[in-house]
Each structure stands twice: as structure tokens, then as C-alpha cells.
Amino acid sequence: MHKIAVVTGSSSGIGRATTTRLLEAGFTVIGLARHHDKYEINHDHYHPRTADFSDIEKLDKIAADISKDYPKISVLVCNAGFGDFRHIENFSYKQIQEFLNVNLVAHIVLCRHMVSSMKKLGQGDIVIVGSEAALIGKRKATLYSSAKFGMRGFAQSLRDEVGSSGLRVC
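Peer 1: Before we go on, may I ask you to explain the packing of aromatic side chains in this structure?
Peer 2: The geometry of an aromatic ring pair comes down to the distance between the two centres and the angle between the two planes. Under the criterion given, the structure shown has two aromatic pairs. Measuring from centroid to centroid gives 5.0 Å for Phe82 and Phe99, while their planes differ by 75 degrees, and the two rings are edge-to-face. One end of the pair, Phe82, is in the loop between strand 4 (73-78) and helix 3 (93-121); the other, Phe99, is in helix 3, and 17 residues separate them in sequence. Judged by its relative accessible area of 29%, Phe82 is partly exposed. When the ring centre of Phe91 is taken as origin, the NZ or CZ atom of Arg86, which lies over that ring, is 4.2 Å away.

Laid out in C-alpha cells, this is it:
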């Protein structure tokens, strides 16, 4: 069976490297990123989708469309995110909301959509890229650690929730 993967943050860093490796391994990759010009790949099995993870309503629609267009997704790599390391009082309400949307909420929304189709297949891998910031909080990393602690707890709970369905979460 030809495997299909969704990789968030596919245009740079870990997401780009993961995308490259999956394509080399024969996967079809749906790459989600704000800007695909960072990683212009000409590969028959790479399908870029522009997604702004701070806009949860639009992302929810994109995720629903991907699930409909690719009902046999077997891998989801939750990697997209960014760091902003300042004292908490230097963030506006809007900046806090955007930060948590991109680094936490967006991945939960994506999983919500992908888990259903993966369960129907009876198998799948959800990889959540973490950080040691999920283990210990540091000064000027209040938002970053909050998001990473949240992702770690989400991954642990999701693993327990879907494990009996043939899905793996790490």
C-alpha cells in the first residue's frame, strides 16, 4: 500500500528534513506551511498546502479538505511552530492567542481530523515533535513551555485514547 503522510512546517528545519526523508522512502507527502517558497520541491509525490496555523477556523477547513482528498493518511507529523522568548508581560492578548494557536491548538485540530481516517484504516503513526521545554519551564519561555507541556500532555492522552485502534503516538 502506498503510504501518505501529512507534515506540518514542511518548508524548513525539522519539517523540511522529515519531508525529504519521507519522499525518499516513497511516501506521498502533503506539506503544510505558511510559505512554501522556502522549500520549493519539484516531486510528483509532494503536495504543498498553504496553511496559517494562527487561523484555526481556516485550518479546520483545510484539515477537513485534506482528510476528504486523502482518506488513507497513515502518518501525521506535528512539527510546525515558532519560538518567542520574552517576559510574559511583553505579550499582548492577541500575541498570546496566536502563539498558542500555532504551537498547540492547531495540532490538536489536525489530529482531530486525521485520527478518524486513521482509525478506519486500523493503523497510523502520529509524531509530535517536542522539546525539552515540555519537561521544565524557564524564564522568558513561559509561552513556549506552556505550549510544549500542553503538546506533551496531549500526546500522552491521545496515545492512551487511540492505542487500541492500531494507532501509535510518539
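Further notes follow.
Peer 1: Sorry, what's going on with the packing of helix 2 (residues 56-69) against helix 3 here?
Peer 2: Think of two packed helices as two axes; the pair is described by the angle between the axes and how far apart they sit. Close contact between helix 2 and helix 3 brings their axes to 9 Å; oriented N to C, the two are set at 30 degrees. As judged from the angle between their axes, helix 2 and helix 3 are roughly parallel. Here helix 2 runs over helix 3; the crossing is right-handed. Contacts between helix 2 and helix 3 involve Ile56, Leu59, Asp60, Ala63, Ala64, Ile66 and Ser67 on the former and, on the latter, Asn101, Val105, Ala106, Val109, Leu110, Arg112, His113 and Met114.

Thresholds applied
Residues numbered from 1 in each chain as written. Predicted model: local features only at pLDDT ≥ 70, side-chain atom pairs only at ≥ 80, totals over all residues. Heavy atoms only, no water. Phe/Tyr/Trp six-rings, centres within 6.5 Å; stacked < 30°, edge-to-face > 60°. Helix = DSSP H or I, 4+ residues; strand = E, 2+ residues; numbered from the N terminus. Buried < 20%, exposed > 50% of the residue type's maximum accessible area, 1.4 Å probe, protein only. Lys NZ or Arg CZ within 6 Å of the ring centre and 35° of its normal. Axes fitted to C-alpha atoms, helices over the stretch in contact; angles between N-to-C directions. Parallel < 35°, antiparallel > 145°, perpendicular 65-115°, else oblique. Left-handed = near helix turned anticlockwise from the far one by under 90°. Contact = heavy atoms within 4.5 Å.

Geometric values such as these leave the question of function open.
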